[in-house]
Amino acid sequence: MLQISGWLALGLIALAWMFSDVDFRDLFSARRMDNLSRFAERALPDPLRQAGGDATLMGWVTDQMNLYGWRGMATTLGISVLAIVLAGGIGSLLGAFGARNLMSAHPFVPHATAGHGACSHALDRVAQAVRILCILLRAIPEYIWAYLFLAMLGASAWPAILALAIHNSGILGRLGGETIENLPAEPLRAMSMAGATRKEIAVAGVFPMALGRYLLYFFYRFETCVREATVLGMLGIVSLGYFISESRAHDQYDELIFLVFLGGLLVLFADILSDLARRWLRRSV
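Residues numbered from 1 in each chain as written. Predicted model: local features only at pLDDT ≥ 70, side-chain atom pairs only at ≥ 80, totals over all residues. Heavy atoms only, no water.

## Details of the overall build of the chain
For step 1, the next point in the chain: If you tally the helices and strands in the chain, you get 13 helices and zero strands.
For step 2, the next point in the chain: Secondary structure elements in the chain, listed N-terminal to C-terminal, are α-α-α-α-α-α-α-α-α-α-α-α-α.
For step 3, the next point in the chain: For the chain, with 285 residues in total, the buried portion stands at 35%.
For step 4, the next point in the chain: Long-range pairs, those at least 24 residues apart, make up 73% of the contacts in the chain with a sequence separation of at least 6.
For step 5, the next point in the chain: Per element, the accessible surface of the chain, about 16,700 Å² overall, is 67% carbon and sulfur. (Helix = DSSP H or I, 4+ residues; strand = E, 2+ residues; numbered from the N terminus. Buried < 20%, exposed > 50% of the residue type's maximum accessible area, 1.4 Å probe, protein only. Contact = heavy atoms within 4.5 Å. Areas by Shrake-Rupley, 256 points an atom, 1.4 Å probe, with all protein chains shown as cover.)

In structure tokens:
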């Protein structure tokens, strides 16, 4: 099977090479080399390009931070935090209503002893509909969601917030539902057999048992939101990506490189924060 997969991969590579318009020789043409040389020259900050000038590198960095850096980083982080908080709340609800064991007629009681009926079938359909909704929410990329919200709401931070929140709600909803379905059934079954209502089982049993695992997914998606919030700025939403796009439009490649570096630092900060939170949660779960 592995050998067949290898030959299929080679065949697909050959077909792509034969029928695509990609010409690797064009990558090293004189025009490409001139563009690369011009970019490399303009990518250097002014103090390094003008060695005899009065400006210092630290002064240039300070100016860039005051002009675009602090605002872009703060906006990007704010968009990410608001988006993941909204996604976390919506995703937790979708996960609960999409979990088939919690949405059965008798939660966490096997069908053999619980029986079937109209109520059971209706709840099964609700769970299935929620699972399909989660698939649809995450199937549409954040970029497309943001493009639609920009047309409806205009240029502001909200198209990015809503786009990230909707997409991640679908992801967290599906992961939350799977988390609930994989919980140990015995204590929750005991609550159900003792007469606890669905709401009581969800609040007193499912919530504390699933919270740690759900937060692991929550913080993982947070670092993804920070990265995507930067990219969405290129649509015209004021984040680091917006200032990166503006620098590219004005051929200010030194500012572009600096802002890309700031975006990398912001994602690194979110990754470290997320990793620390997930490590702590793993020890607590």
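## Things to note about the pattern of salt bridges
Any two side chains of opposite charge can pair, given that their charged atoms come close.
For step 1, the next point in the chain: Scanning the entire structure with this criterion turns up five salt bridges.
For step 2, the next point in the chain: Close ionic contact of Arg 248 with Asp 251 constitutes a salt bridge, the shortest N to O distance being 3.4 Å.
For step 3, the next point in the chain: Classification of Arg 248 as partly exposed rests on a relative accessible area of 46%. (Salt bridge = Lys/Arg side-chain N within 4 Å of Asp/Glu carboxyl O.)

## Things to note about the packing of aromatic side chains
For step 1, the next point in the chain: This structure, assessed with the given rule, holds five aromatic pairs.
For step 2, the next point in the chain: Relative to Phe 258, the ring of Trp 60 lies with its centre 5.5 Å away and its plane at 75 degrees, an arrangement referred to as edge-to-face. One end of the pair, Trp 60, is in helix H5 (residues 57-98); the other, Phe 258, is in helix H13 (residues 253-284), and 198 residues separate them in sequence. The pair Trp 60 / Phe 258 is uniform in exposure class, with both members buried. (Phe/Tyr/Trp six-rings, centres within 6.5 Å; stacked < 30°, edge-to-face > 60°.)

## Notes on the side chain of Ser 274
For step 1, the next point in the chain: If you trace the backbone, Ser 274 turns up in helix H13.
For step 2, the next point in the chain: Taking relative accessible area as the criterion, Ser 274 reaches 0% and is therefore assigned buried.
For step 3, the next point in the chain: Within polar-contact distance, the side chain of Ser 274 engages the side chain of Glu 223 at 3.0 Å.
For step 4, the next point in the chain: The contact partners of Ser 274, leaving out residues within four places of it in the chain, are Phe 219, Tyr 220 and Glu 223. (Polar contact = N/O pair within 3.5 Å; in protein donor to acceptor, adjacent residues only side chain to side chain.)

## Looking at a nonpolar patch on the surface
For step 1, the next point in the chain: A cluster of nonpolar side chains, namely Leu 86, Ile 90, Ile 140, Tyr 143, Ile 144, Leu 148, Met 152, Leu 153, Trp 158, Val 231 and Met 234, defines an oily patch on the protein surface of about 1,000 Å² accessible area.
For step 2, the next point in the chain: Elements with a contribution of two residues or more to the nonpolar patch: H5 and helix H8 (142-153).
For step 3, the next point in the chain: Position of Met 234 among the secondary structure elements: in the loop between helix H11 (198-232) and helix H12 (240-249).
For step 4, the next point in the chain: Judged by relative accessible area, which is 45%, Met 234 ranks as partly exposed. (Patch = residues over 30% accessible without salt bridge, like charges linked within 9 Å, V, L, I, M, F, W, Y side chains within 5 Å.)

## Here's the deal with the nonpolar core
For step 1, the next point in the chain: Of all hydrophobic cores here, the largest spans 38 residues; its most connected members are Ile 79, Ile 84, Leu 164, Ile 237 and Leu 262.
For step 2, the next point in the chain: With residues near it in sequence (within four places) discarded, Ile 237 still touches Ile 79, Ala 146, Leu 150, Ser 156, Ala 157, Pro 159, Ala 160, Leu 232 and Tyr 242. (Core = buried A, V, L, I, M, F, W, Y, C linked by side-chain atoms within 4.5 Å.)

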